[in-house]
Amino acid sequence: MKDVGAGCDFSVALRQDGTVWTWGKGDNGRLGTGNNTTRETPQKVPDLVDVESVAVGCEHVLALTADGTVKAWGKGAEGQLGNDSTTDSNKPVDVAYLDAVARIFATSASGFAVLDDGSLAGWGKNTDRQLGDGTNANRTTPVVLDALKGVQSIAGGADFTVAALDDGSVIGWGANAVGQLGDGSTTNPTGTTLALPPGSGITQVATTVTGKSAFAY
């Protein structure tokens, strides 16, 4: 097994041969098998090969292929499939306007891609500014996030996002009413806020999938 992930009531496994297998709840097409059937055993996602990594949101999945393109499936109501639609898809679709992708991340209902040039693009749910693009409008296709550079790891819950940067710092953006951004306040910022300073030694972040807790390590 090369990688695994878990969403809301379903699981995803990436095998060493580049195929993706899913099982669990099938609502919204989150299993990617061409229907919305719940599966008690792993099923292969059809017509999906040469996958390098997967990222799992609450009800959607992203897959990065060997040629640097990104596939998505599952719930699409907030634009989290990135294919210029708000329609669910029970089979993989292409995330639009992305190529030369180095890494992918999925938050609860959004997606992010680090490109080969180090820039970051985001799409999906943004009602609490969790994309970091300076707006609170959902994005159905990727937008380049010029203010976010040096991202190593991204995670996000229902209404916020945190990132570990290459200088060892941790930043966050989005909702902060219960202190989920870790900046010592409960104020919602309009941009990013600092949780841990440069040199902290942090390389990874994680959050609860639909909750309001974050972790850095």
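Let us look at the structure shown here. This structure is a prediction, so every number in the text was calculated from the model and none was measured.

A look at the sheet that holds strand β2 (residues 10-14)
Stage number 1. In space, the 4 strands of this open sheet follow the order β1-β2-β3-β4, with antiparallel pairing throughout. A strand with exactly one partner marks an edge of an open sheet, and here the two such strands are β1 (3-6) and β4 (39-44). Here the average twist between neighbouring strands, direction ignored, is 15°.
Stage number 2. Two strands pair when backbone bridges link them, and β2 and strand β3 (residues 20-24) are joined in this way by 5 bridges, in the antiparallel orientation. Note on β3: the bridge partner recorded for Phe10 is Gly24.

Considering the pattern of salt bridges
Stage number 1. Across all of its chains, the model carries 8 salt bridges by this definition.
Stage number 2. Here Lys2 makes a salt bridge to Glu52, at a shortest N to O gap of 3.2 Å. With a gap of 50 residues between them, Lys2 in the segment before β1 and Glu52 in strand β5 (residues 51-56) connect regions that are remote in the sequence.
Stage number 3. For Glu52, a relative accessible area of 39% puts it in the partly exposed group.
Stage number 4. One salt-bridge network, held together by shared partners, links Arg30, Glu59 and Lys75.

Definitions and cut-offs
- Residues numbered from 1 in each chain as written.
- Predicted model: local features only at pLDDT ≥ 70, side-chain atom pairs only at ≥ 80, totals over all residues.
- Heavy atoms only, no water.
- Pairing = 2+ DSSP bridges.
- Helix = DSSP H or I, 4+ residues; strand = E, 2+ residues; numbered from the N terminus.
- Axes fitted to C-alpha atoms, helices over the stretch in contact; angles between N-to-C directions.
- Salt bridge = Lys/Arg side-chain N within 4 Å of Asp/Glu carboxyl O.
- Buried < 20%, exposed > 50% of the residue type's maximum accessible area, 1.4 Å probe, protein only.

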